[in-house]
Structure formats: C-alpha cells, structure tokens
Amino acid sequence: MTYLTALYTSLITHRNALKSLQREHKKHLEREKQLSDILDTLRHGYNPNYQDMAVLEAVRGWEYLAGLPHITEADREEGSDEEDKATSQADEAKEELEEGEWSAQQLEQQLDDLLNVDHMSLLIEHDSYVDEPASVSPSEHLTDFT
C-alpha cells in the first residue's frame, strides 16, 4: 500500500503543477493580448511621413513577428479583421509538436478534464485490474492497446 500512497501523492503533485502552469499560461495570454493591442494601435496610428526610426522599427518588428504584411495608408483605415486571421494562421503554422505533446487547442479543450480526474477511483480501478485472475496472458493485454 506504500506504493499507492507514493503514486497518489505524485499524481496530485503533477495535477497541482499542471493547474499552476495553466493559471500562469492564462496570465501570459492576457498580457500578450494587451501588448498586441498596443502594437496594433501603434501600427494603425503612427505617421509614416514622420520618420521616427524607433516607431518605424517597432511597427516593422511587430509586423514580422505577427506575420502581417506591411501596412499602407488604405490598410490603416480598413481595420484589422484580415490581420487577426493572418496572425492566427501564422501561429498555427509555426507549431510543431513532438510525439505525445498537445496542441494549444487540445490544451484549451482537454486540460480541465484531465485536471478534474478522480485519481483515487483510477487507482482503485487499477488495483482491481491487477488483482483479477490471470486468465489472459500479459501479451494479450498488450495487443488491446495497439
């Protein structure tokens, strides 16, 4: 039963770490959104005829980072609906996942379910599985998962 306690403690610790990471991630997403809004306002509001190199560099840097085309006077008046689409498409294209990693969409949709799993029930279910008679060979159990 000691292994159960250690395993359960480890599961709870991992759960708490995931919950903490999720909280911090949400804070960073909100901060990123605020900074993006500031840069979009700068991009749409700066005067291209006034050659302030710092502003020009900030705008061009933001366009590059967000995957946006260089803005023209006509674009400045239209708004940023197309830019939002281009930014989200650029973000999706950049994401390369290693085996077993979750995409941002999976994290958003499935992490809460994972965090709310009843670990005690899973451990009890696992114990009943381990204690059942060995009528099936271990190799047959493995083929169920492939």
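All of these numbers come straight from a predicted model, not from anything done at the bench.

J.: In this structure, what is going on with a nonpolar patch on the surface? I would like to understand it.
T.: Taken together, the side chains of L18, L21, W102, L107, L114, V117 and L122 define a hydrophobic patch exposed on the protein surface, amounting to about 560 Å² of accessible area. When contributions to the nonpolar patch are tallied by element, the ones reaching two or more residues are α1 (2-45) and α5 (104-115). Position of V117 relative to the elements: it lies in the loop between α5 and α6 (119-131). The class of V117 is partly exposed, set by a relative accessible area of 31%.

J.: Which parts of the structure should I look at to understand the pattern of salt bridges?
T.: Two side chains carrying opposite charge are able to pair once their charged atoms lie near each other. The final tally for this structure, using the stated rule, is four salt bridges. A salt bridge links E24 to R23, with the nearest nitrogen and oxygen atoms 3.4 Å apart. We classify R23 as partly exposed; its relative accessible area is 45%. Between E24 and K27 there is a salt bridge, with its nearest N and O atoms 3.1 Å apart. Here E24 pairs with K27, and both are found in helix α1, just three residues apart, close to one helical turn. Here the residues in one salt-bridge network are R23, E24 and K27, joined through shared partners.

J.: Is there a simple way to think about the environment of T72 in this case?
T.: Along the chain, the position of T72 falls in the loop between α2 (53-66) and α3 (73-78). Overall, T72 belongs to the partly exposed group, its relative accessible area being 39%. As for T72 and R43, which are separated by 29 residues in sequence, their C-alpha atoms are 10.0 Å apart.

Cut-offs and rules
Residues numbered from 1 in each chain as written. Predicted model: local features only at pLDDT ≥ 70, side-chain atom pairs only at ≥ 80, totals over all residues. Heavy atoms only, no water. Patch = residues over 30% accessible without salt bridge, like charges linked within 9 Å, V, L, I, M, F, W, Y side chains within 5 Å. Areas by Shrake-Rupley, 256 points an atom, 1.4 Å probe, with all protein chains shown as cover. Salt bridge = Lys/Arg side-chain N within 4 Å of Asp/Glu carboxyl O. Helix = DSSP H or I, 4+ residues; strand = E, 2+ residues; numbered from the N terminus. Buried < 20%, exposed > 50% of the residue type's maximum accessible area, 1.4 Å probe, protein only.

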